[in-house]
Amino acid sequence: MEARIEHIKQQLQSQGYKLTPQREATVRVLLENEEDHLSAEDVFMLVKDKAPEIGLATVYRTLELLSDLHIVEKMNFGDGVARYDLRHESSKHHHHHLICVVCGSVDEIMDDWLLPLEERLAKEYHFKVLDHRLDFQGVCWRCKDKEPEDMNKK
Ligand SMILES: [Zn+2]
Ligand SMILES: [Zn+2]
Ligand SMILES: [Zn+2]
């Protein structure tokens, strides 16, 4: 956790920005909830616990800054709400998502499945891939096995 904060601090500094206490509180919330794809409002509610004086506008500005610097990606999973997704340090390209149309869950795939395609693009189109997004819409394993009568019981 501390190492990752330090890394983000360096990313900010290299672009001429400081990791202020408010920015740090926002980054910590993103790290602690890494898999949750939080909206700005979600982030704000969690940051308020750590830094009660912080305002929603500050959280918005911090999230915009982090997304300008590609530390987080602004995502839209089809529900019209912008969500913030922390990039993983280990992979240079953005991870893939499995979005369930039944329960709305978003699972992540960490392997870069596009590498063979990237190689083809380089070879056949002389195109160097810097990044990509690949999100799948479908029915997750949790929803797939649900019997219709189980759904009605709730
Ligand atoms: Zn994600
Ligand atoms: Zn890739
Ligand atoms: Zn589901």
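Note that the coordinates shown come from a computational prediction; the quantities given were computed from them, not determined experimentally.

Procedures and definitions
- Residues numbered from 1 in each chain as written.
- Chains lettered and ligands numbered in written order.
- Predicted model: local features only at pLDDT ≥ 70, side-chain atom pairs only at ≥ 80, totals over all residues.
- Helix = DSSP H or I, 4+ residues; strand = E, 2+ residues; numbered from the N terminus.
- Buried ≥ 20, exposed ≤ 12 C-beta atoms within 10 Å, placed from the backbone.
- Contact = placed C-beta atoms within 7 Å.
- UniProt positions renumbered as here; feature names shortened; annotations may be inferred.
- Pairing = 2+ DSSP bridges.
- Axes fitted to C-alpha atoms, helices over the stretch in contact; angles between N-to-C directions.
- Parallel < 35°, antiparallel > 145°, perpendicular 65-115°, else oblique.
- Left-handed = near helix turned anticlockwise from the far one by under 90°.
- Nonpolar A, V, L, I, M, F, W, Y, C, P; charged D, E, K, R; others polar.
- Expected span 1.5 Å × (residues − 1).

S.K.: Run through the overall build of the chain, naming residues and quoting values.
M.R.: Summing up its helical and strand segments, the chain has 7 helices and 6 strands in all. Overall, the chain shows an N-to-C arrangement of helices and strands of α-α-β-α-α-β-β-β-β-α-β-α-α. Based on the C-alpha atoms only, the size of the chain along its principal axes is roughly 50 × 50 × 25 Å. By the burial criterion, 14% of the 154 residues in the chain qualify as buried. Residue pairs in contact within the chain that sit at least 24 positions apart in sequence constitute 50% of those at least 6 positions apart.

S.K.: How would you sum up the UniProt feature "binding site: Fe cation" (unreviewed entry) in the chain? Please name residues and give values.
M.R.: UniProt feature "binding site: Fe cation" (unreviewed entry): in the numbering of this structure it lies at His-94 and His-132. Across 39 residues of sequence, these annotated residues stay compact in space, with a maximum C-alpha separation of 6.1 Å. As for its placement among the helices and strands, His-94 is situated in the loop between β3 (82–86) and β4 (96–100). On the neighbour-count criterion, His-94 (19 C-beta atoms within 10 Å) is partly exposed. Each residue touching His-94, except ones within four places of it in the same chain, is listed here: Glu-73, Arg-87, Asp-131, His-132 and Arg-133. Inspection of the secondary structure assignment puts His-132 in the loop between α5 (115–125) and β6 (135–138). Those residues in contact with His-132, other than ones at most four positions away along the chain, are His-93, His-94 and Leu-114.

S.K.: Please set out unusual backbone geometry residue by residue, giving values where relevant.
M.R.: Of note, His-37 is a non-glycine position whose phi angle comes to about 50°, a positive value. Along the chain, His-37 falls in the loop between α2 (21–32) and β1 (38–39). For His-126, which is not a glycine, the phi torsion comes out positive at approximately 50°. Owing to 7 C-beta atoms within 10 Å, His-126 belongs among the exposed residues under this scheme.

S.K.: Report on the sheet that holds strand β2 (residues 72–76), specifying residues and quantitative values.
M.R.: Taken in spatial order, the 3 strands of this open sheet run β1-β3-β2, and their pairing is antiparallel. The strands lining the two open edges of the sheet, one partner per strand, are β1 and β2. Sheet topology note: the β2/β3 ladder contains 5 bridges and is antiparallel. Paired with Val-72 across the two strands is Leu-86, which belongs to β3.

S.K.: Tell me about the packing of helix α3 (residues 40–50) against helix α4 (residues 56–68), and name the residues and values.
M.R.: Two elements in contact, α3 and α4, have axes separated by 10 Å at closest approach and are oriented at 120°. One way to sum up the angle between α3 and α4 is to call them oblique. Here the hand of the crossing between α3 and α4 comes out right-handed. Contacts between α3 and α4 involve Ala-40, Val-43, Phe-44 and Val-47 on the former and, on the latter, Leu-56, Val-59, Tyr-60 and Leu-63. Its residues placed into classes, the contact of α3 with α4 shows 8 nonpolar, no polar and no charged.

S.K.: Would you mind going over helix α1 (residues 2–14) in detail, with residue names and values included?
M.R.: Counted at 1.5 Å a residue, the expected span for α1 with its 13 residues is 18 Å, and the 18 Å between its end C-alpha atoms agrees. Phi turns positive, to about 85°, at Gly-16, one or two residues after α1.

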